[in-house]
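# Residue-level structure breakdown
Each chain, letter by letter, is given below.
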Amino acid sequence: MATRSTIMDTNSFRAEHAAALDSDVRKLTEKRSRVLGESYRLFYRKPVHLVRGQGQYLWDAAGEKYLDVYNNVASIGHCHPAVTDAVCQQMNQLNTHTRYLHEAILDYSEQLLAKAPAEIDRAMYMCTGSEANDLAIRVAKAFSGGSGIIVSKEAYHGTSELTSGVSPALGSGQPLSATTRLVPPPDRYRVTDPDLGHWFADQIQRQIDDMAAHGIKFAGFLADSIFSSDGVFPGPAGFLQPAIEVVHNNGGIFIADEVQPGFGRTGDAFWGFARHGVVPDIITTGKPMGNGIPVSGLLAKSDVLAAFSDQIPYFNTFGGNPVAMMAAQAVLKVIQEEGLQEHSRVVGAALLKELLMLKEKYQCVGDVRGAGLFIGFELVKDKASKTPDKQLALDITEQLREHRVLTSVAGPYGNVLKLRPPLAFQLSDIDWLVGALDKSLAALAR
């Protein structure tokens, strides 16, 4: 029997929860069941019917206000006026594709590439992170002449044929590619080796050797540098360096999936990988790039990209369209003008400090870790055993929802609260979040 998807099923509504819903919400869930494919999932045993958003806040149909502590789609805040204005203005002028000349895609590319390492000098655009990672894998195969891709054990990189084959978080019902190999995540909480960097590099070398033993040529390592689906593992800054050396020494490339850690979220740097002083061969990004407008991108070293682009034309009808480019340009401008990277560092550090106090207060809080406004809050049976407590994590998530705080879980055991609010989250919001967590823990902790 297929195991449930950790990223889709863990904190989800199921039919047996319907009896507890009020009539309006139950009617909506029933209508969804009638008209939408069965693959869709809703958050929470009591799904939230949202109708409005502003900054870090959301409102439901009954007018209740919520604190969003999960959403990196609306990276700079829900309904940011800079983005809505840019999109509306461009929609009133023109929206077409990249087969015609237009300044927006060129201006934005120059601005975004200026944020990347100097070696990264080419940009391409799509609509989703799945598409960006799909293309990145194709480029990796073309450049290396191989097909083997290494990812972490609970990675999620997309829903296309190629990316679902390197996304173990989708569960065993979605088979991995025969050329995919998995490495354990750099879990400082559980890994006892004092040198996390060399430990992780050894894990990658073992999988490269296993590929060779099975006649598979290594193509690349694809990773989200904060390992968010694995349970949020920022690790000590710089620990990825030995791993990337191993990747390059074996003829592969490093694809940095920045859909979650990118665009200033970790506070230490604009890109998540930059915390580690490494230079990827390819950068992929998506959700935070357009603040809700579907836009994604692939940035690459020209010689790496050439192995693919010199042979194969690429066209994505909506990728790089003027409306999407203006939305992305507005996001980048807001991050810079509002100082959101530094804001993320300062507010994230203050939040982490408060959360660490809960760790000291409760035996069931095993670890609290993060970088900037990206924090993992791990729940266990007790501190001595470190046994994951999935049920408690799910119950806490539901309690937080009752306190009007929205978040979800991550990790292979579903026992890590993934606290990842829009960058509009303020110091003044910390009391709401930490207070709600404290009350929930007090009510449920065993």
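All figures in this text were calculated on a predicted structure; none of them were measured in a lab.

On to unusual backbone geometry. Unusually for a residue other than glycine, N291 sits at a positive phi of about 55°. Structurally, the position occupied by N291 is in the loop between β9 (282-285) and β10 (296-300). Unusually for a residue other than glycine, K386 sits at a positive phi of about 60°. Residue position: K386 is located in the loop between β12 (375-379) and α11 (390-402).

Scanning the entire structure with this criterion turns up 13 aromatic pairs. For the ring pair Y57 and W59, a centre distance of 6.5 Å and an interplane angle of 70° mean the geometry is edge-to-face. Residue Y57 is classed as buried on the basis of its relative accessible area of 17%. Exposure remark for W59: the relative accessible area of 16% places this residue in the buried category. Look at F200 and F227: their rings are 5.6 Å apart centre to centre, the planes differ by 85°, and that puts the pair in the edge-to-face class. Of this pair, F200 sits in helix α6 (residues 196-213) while F227 sits in the loop between β7 (218-223) and α7 (241-249); the two residues are 27 residues apart in sequence, bridging distant segments of the chain. Residue F200 is classed as buried on the basis of its relative accessible area of 0%. Residue F227 is classed as buried on the basis of its relative accessible area, which comes to 2%. Cluster of aromatic residues (ring-pair linked, three or more members): W199, F200, F221, F227, F239 and F254. The ring of W59 has R52 lying over it, and the distance from NZ or CZ to the ring centre is 3.9 Å. If you follow K386 out to its NZ or CZ, it ends over the ring of Y189, 4.6 Å from the centre.

Its place among the elements puts D230 in the loop between β7 and α7. The side chain of D230 is buried and forms no salt bridge, while K153, the nearest opposite charge, is found at 9.0 Å. Within polar-contact distance, the side chain of D230 engages the backbone nitrogen of E154 at 2.8 Å. Once residues within four sequence positions are removed from consideration, D230 is found in contact with S152, K153, E154, A155, P185, G411 and P412.

How each quantity is defined
Residues numbered from 1 in each chain as written. Predicted model: local features only at pLDDT ≥ 70, side-chain atom pairs only at ≥ 80, totals over all residues. Heavy atoms only, no water. Helix = DSSP H or I, 4+ residues; strand = E, 2+ residues; numbered from the N terminus. Phe/Tyr/Trp six-rings, centres within 6.5 Å; stacked < 30°, edge-to-face > 60°. Buried < 20%, exposed > 50% of the residue type's maximum accessible area, 1.4 Å probe, protein only. Lys NZ or Arg CZ within 6 Å of the ring centre and 35° of its normal. Lys, Arg positive; Asp, Glu negative; His and termini not counted. Salt bridge = Lys/Arg side-chain N within 4 Å of Asp/Glu carboxyl O. Polar contact = N/O pair within 3.5 Å; in protein donor to acceptor, adjacent residues only side chain to side chain. Contact = heavy atoms within 4.5 Å.

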